[in-house]
Amino acid sequence: MDKSQKTRVALIGAGPRGTSVLERLFANWAASAPAGHTLQLDVVDPYPAGPGRVWQPGQSRLYLMNTQSFYPTLIPEDPALAAPLAGGTFEQWRARRREHGQGLSGEEQDELAALGTGDFPSRAIYGRYLSETLDALLERTPDGVEVTFHRDAAVSVRRDPDGASRFDVELGSGAHLAADSVVLALGHLEAQLNAEQRAFAGAAAGLGLLYLPPAAPADVDWSRVPDREPVLVRGMGLNFFDVMVQLSVGRGGRFEPSDGGPGTLRYVPSGREPKIIAASRRGTPYRAKAGLDGYYPKSIRLRYLNEKAMARFAAAGIQPGFDHDLWPLLHRDTLWAYYSTLAAAQPAAISDTGEFLAALEDALQPHAHAAGSWEKRVDELVAKHVAASRRLDLPGLAAPLAGRSFAGRRELDAAVVDYLDDDARRSALGETDPMKMAIGALHTGRAVLKSVVADGGITDESWLGELRGWFESFVEGLASGPPALRAEQLAALARAGVVSFTGPDPRFGVDRAQQLFTASSPWVGGEPATAKTMVEALAPANRVGTTASPLMRQLLADGLVRPKVMLGTEGTPVQATGLDVEPHPYRAVGANGSVTAGMYVLGLQLSANQWGTAIAAEAVPADGQAYRSGQRTLRDADEIARAVLGL
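Residues numbered from 1 in each chain as written. Predicted model: local features only at pLDDT ≥ 70, side-chain atom pairs only at ≥ 80, totals over all residues. Heavy atoms only, no water.

Visitor: When you look at the nonpolar core in this model, what are you seeing that I'm missing?
Guide: Side chains of nonpolar character tend, in soluble globular proteins, to be buried together. Formed by 60 residues in total, the largest nonpolar core has its most connected members in Met310, Leu326, Tyr339, Phe356, Leu442, Phe471 and Phe474. Mapped by element, the contributors of at least two residues to this core are α7 (307–315), α8 (322–345), α9 (353–364), α10 (373–385), α11 (394–398), α13 (434–454) and α14 (460–479). No other element matches the twelve residues that α8 contributes to this core. Residues within four places of Leu326 in sequence aside, it is in contact with Leu305, Met310, Phe313, Pro320, Gly321, Leu449, Val452 and Ile458. (Core = buried A, V, L, I, M, F, W, Y, C linked by side-chain atoms within 4.5 Å. Buried < 20%, exposed > 50% of the residue type's maximum accessible area, 1.4 Å probe, protein only. Helix = DSSP H or I, 4+ residues; strand = E, 2+ residues; numbered from the N terminus. Contact = heavy atoms within 4.5 Å.)

Visitor: Whenever I open this one, the packing of aromatic side chains confuses me. Can you help?
Guide: The way to describe two aromatic rings as a pair is by their centre distance and the angle between their planes. All chains considered together, the criterion is met by 26 aromatic pairs. Where Phe90 meets Trp93, the ring centres are 5.7 Å apart and the plane angle is 35°; that geometry is what we call tilted. Pair noted here: Phe90 and Trp93 are both in helix α2 (residues 90–99), with a separation of three residues, about one helical turn. With respect to class, Phe90 is no different from Trp93; both count as buried. Sitting over the face of the ring of Phe508, Arg234 holds its NZ or CZ atom 4.7 Å from the ring centroid. Geometry around Trp374 places Arg332 over its ring, the cationic atom sitting 4.1 Å from the centre. (Phe/Tyr/Trp six-rings, centres within 6.5 Å; stacked < 30°, edge-to-face > 60°. Lys NZ or Arg CZ within 6 Å of the ring centre and 35° of its normal.)

Visitor: Hey, could you run me through the pairing of strand β20 (residues 573–579) in this one?
Guide: Consecutive residues of a regular strand have side chains that alternate between opposite faces of the sheet. Judged from the four bridges that link them, strand β19 (residues 563–567) and β20 form a sheet pairing that is antiparallel. When the sheet's bridge partners are listed, Leu567 is paired in β20 with Pro573. Here β19 folds back onto β20, and the loop between the two strands holds five residues, one of which, Glu570, carries a positive phi near 55°. (Pairing = 2+ DSSP bridges.)

Visitor: It is not clear to me how the environment of Ile640 should be interpreted in this structure. Could you clarify?
Guide: As for its position among the elements, Ile640 is in helix α17 (residues 632–645). The residues contacting Ile640, other than those within four sequence positions of it, are Val21, Val183, Pro585, Tyr600, Val601 and Leu602.

Visitor: It is not clear to me how the sheet that holds strand β21 (residues 581–582) should be interpreted in this structure. Could you clarify?
Guide: In sheet architecture, strand pairing relies on hydrogen bonds along the backbone and comes in two forms, parallel and antiparallel. A sheet is described by the order of its strands in space; here seven strands give the open sequence β4-β2-β1-β8-β23-β22-β21, paired in mixed fashion. Of all strands in the sheet, those bounded by a partner on one side alone are β4 (145–150) and β21. Examined bridge by bridge, strand β8 (residues 181–184) and strand β23 (residues 595–601) share three bridges and lie parallel to one another. The partner of Val183 across the bridge, within β23, is Tyr600.

Visitor: So what exactly am I meant to see when it comes to the side chain of Asp433 here?
Guide: Topologically, Asp433 is positioned in the loop between α12 (409–429) and α13. Looking at Asp433, its side chain comes within polar contact range of the side chain of Arg426, at 2.9 Å. A distance of 3.2 Å separates the side chain of Asp433 from the backbone nitrogen of Met435, its partner in a polar contact. In this view, Asp433 contacts Thr341 and Arg426; residues no more than four positions away in its chain are not counted. (Polar contact = N/O pair within 3.5 Å; in protein donor to acceptor, adjacent residues only side chain to side chain.)

This is the structure we're talking about:
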């Protein structure tokens, strides 16, 4: 590097991913920057730096994170990386600010006073952590570094026509920034509606109905949803619970303990609640998280799908397929987790527990039996030793209403409440519940699978048709659910008549004669559910090919980036969800197939190269049992920072 050199970097996106790159630039510059050099950082985001759009501290405190206080961090803990200049994990910040609340609002102090290490924080309080962590970093800005924040949107990034730098970044204000490197940490982008959603939006406009398309719940004006009227809500994943709580507690209602037993709540309505009619393909919401002391069950140690098995694939030169190579290993771990927990917690359900577990362990050995025969052997053992009502039915866990029909929605509602009560009860049992430990094995296996995918991965055909084709939705419905409190609250709302359900495989439409949205299930008798309001309880689609972002559309049109194309069944090209990049670090690949020098990608737009890009980085747990995937995004940020600095 020339002694007079100035390195100019544009960070586009200042949420957690962009802030991680900023932190890594600071740390690596402080550790390795040559004397006399300067680093100019332009940070571009229309939302406040640190929290970005999703984690704004001023949003409703009803919205909870999906991880407990001990889990997330913005600051890496890897001793192999340059030492951080400031900050720590969310848990460290929580404990410190709980004792010293100066500068926090009364609501923030109240939340921290009640928030324990195993509790689920609000997104707002996590946003405060992100904001204060960034402030602490800026107080330690290294010598030679200049940082300018632009509360504006980047509308284009083009090659510098004058050649004075690699890129010209245009802002919404019309201002231009020169940059040698650009980091795209864009997070959630606006997406075009699909054909059905456009049809519903058009029908709503023409018939005077209200249609709320996919959006982050904090971005929605919920006051537009009328009091006391029916509202169809499509989707019962994580966004559904945000909608549910906003239209109940957010309308003045409250939950109280009831006399129905531990964990059972009673809802006291305000009278302003809409009549929520909830619909999803399964007909039930995601299963609730088990009550655990850590992110993964302590009793789960993967025997089959683990790093040693992955190393054997690599040593043999095998790029594994999911269905053929990886799922059989994770399936074994899931079976062992279930039946070993059952043997310990409910030994009466198994005849001759010792003999059964020894035989099961032998049957599960990957090389003990001919290919494919191990499952038959396990089935024979289970049939011989395990009571029929206690046998593991994995497909049934994910689709608890499958194969059932209902005379009407009242009968269906009762079945869903039973499901919710049972699920919450099992969550409270934690590591002693066999079903939750089977799910815990699947959840733990995801940590290994994330590294498999990111480290060179599985075949394209397997990624498209297997991992994302069936396993992703299967495991998310089981292992990516809300806190158990949300299941308890939903059951209470259903008992109070505030929430009802449509049933599995719902079909949506518009009755133009009656000027109503409709929803019905082929498995539930009676008239369709109807409403003048319909809410999509979904996040905008994370697909670069259907983005509505002006910046991403410009980058695609100019050929600086391109969607990744994978080869599906029989070599058919399929456009993937994310950008094409060359690791490591993740450098954008342009339309002509060459790397766009100086342009880096981090976060959600890596969804064609990584799996599970939305979740925060994981703090190293107290027991030290960390998975490589836990802090991958922070290592990715470090690789990008070092590449930008030429280190």
